[in-house]
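So the chains spell out like this:
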Amino acid sequence: QASSSGCRDGVVIRLAASGLAGALLLMMQSLAAAPQRVVSINLCTDQLLLALAAEQQILSLSWLASDPHESPVWTAAKRFPSNQGSVEELLVLHPDLVLAGRFTGGFTKSFLKRMGYRVLEIPPADSIAAIYANIRSVAHALQRSQRGEQIIATMAAAVESFQAGAPAAARPALIVQPGGFTVAADSIAHELLLLAGFTNQAAVMGLDRWGSLSLEALLGSGAQRIVVATYRTDAPSLANQFTRHRLFRRLRRELEIVPVAARLLACGTPASLEAVRQMKAAAP
């Protein structure tokens, strides 16, 4: 009986050891499968990649990532090579994962997929919940889910803080972008404006996603705060003439005019919450 018991114990030990070895092998295979040559060809996925990836995973970012007018993470992006999103340069890079926007680089994406490259398309985030979903998608592809959940937890805490500090009655406001364009309800900028403690008069007025305001409509909107999305203000452009008009200068004397960097409104990413802080800031 003792011999039989010892035999059974030996079998159990061998099976346990075998199971442990198998688990370790699967873990090693999983780690080995994590992409190590990741390329982003979209401004929004650039930001997600920089927030989520280990530095050694990043092979290249889009050329916009290091532009301070376009990207809130331009300083960090300068450490990495840039790309123009062309098929030719991506084939030379031999990426094991390409991050792309849903509506950009159509030819490049379809060609790479036909060639067998792994391409992850990320949709534009039009809400905080959509930002969380995109973070989880990219984090999963990078095998950095724990990092993704940490970022989401930090964002969620900030959102909760904004909501707790919201005024009893939200004041009417408008976001004005170069050329007089504003944002309606189906946009991340709309949700950020609400988080800052304001209502979005563009939505009240029934303007569509990229509605355009005349100066006359702006004067009659009832907005108490105008959030001006600043973009390349030193460069001469017809779009920036909108905020230099004498009627707009009159608004500056009558309403709260608060500048917010346009780069914070272009993409739904972890950097978006900085726009809320700027929207809430006292008017200069």
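Okay, so let's go over this structure. (Residues numbered from 1 in each chain as written. Predicted model: local features only at pLDDT ≥ 70, side-chain atom pairs only at ≥ 80, totals over all residues. Heavy atoms only, no water.)

Before going further, it helps to spend a moment on the nonpolar core. Among the nonpolar cores identified, the biggest contains 52 residues, and Ile-128, Leu-192, Leu-273 and Met-279 are the most heavily contacted of them. When neighbours within four sequence positions are excluded, Met-279 is seen to be in contact with Ile-175, Ala-189, Leu-192, Leu-193, Ala-196, Phe-198, Arg-225, Val-227, Val-258, Val-260 and Leu-265. Counting 13 residues, the second largest nonpolar core, distinct from the first, contains Leu-218, Ala-223, Ile-226 and Val-228. (Core = buried A, V, L, I, M, F, W, Y, C linked by side-chain atoms within 4.5 Å. Buried < 20%, exposed > 50% of the residue type's maximum accessible area, 1.4 Å probe, protein only. Contact = heavy atoms within 4.5 Å.)

What follows covers the pairing of strand 4 (residues 97-101). Taken across its five residues, strand 4 has five buried, putting it largely inside the fold. On strand 4, burial covers both faces: Leu-97, Leu-99 and Gly-101 on one face and Val-98 and Ala-100 on the other are all buried. Pairing of strand 1 (residues 38-40) with strand 4, which is carried by three bridges, proceeds in the parallel orientation. Each bridged residue has a counterpart across the sheet, and for Ser-40 the counterpart in strand 4 is Leu-99. Pairing analysis gives four bridges linking strand 4 to strand 5 (residues 119-122), with the strands arranged parallel. Across the sheet, Leu-99 pairs through a bridge with Leu-120, a residue of strand 5. Taken together, strand 4, helix 5 (residues 106-114) and strand 5 constitute a β-α-β crossover, and its handedness is right-handed. (Helix = DSSP H or I, 4+ residues; strand = E, 2+ residues; numbered from the N terminus. Pairing = 2+ DSSP bridges. Right-handed = clockwise from strand over helix to strand, strands pointing away.)

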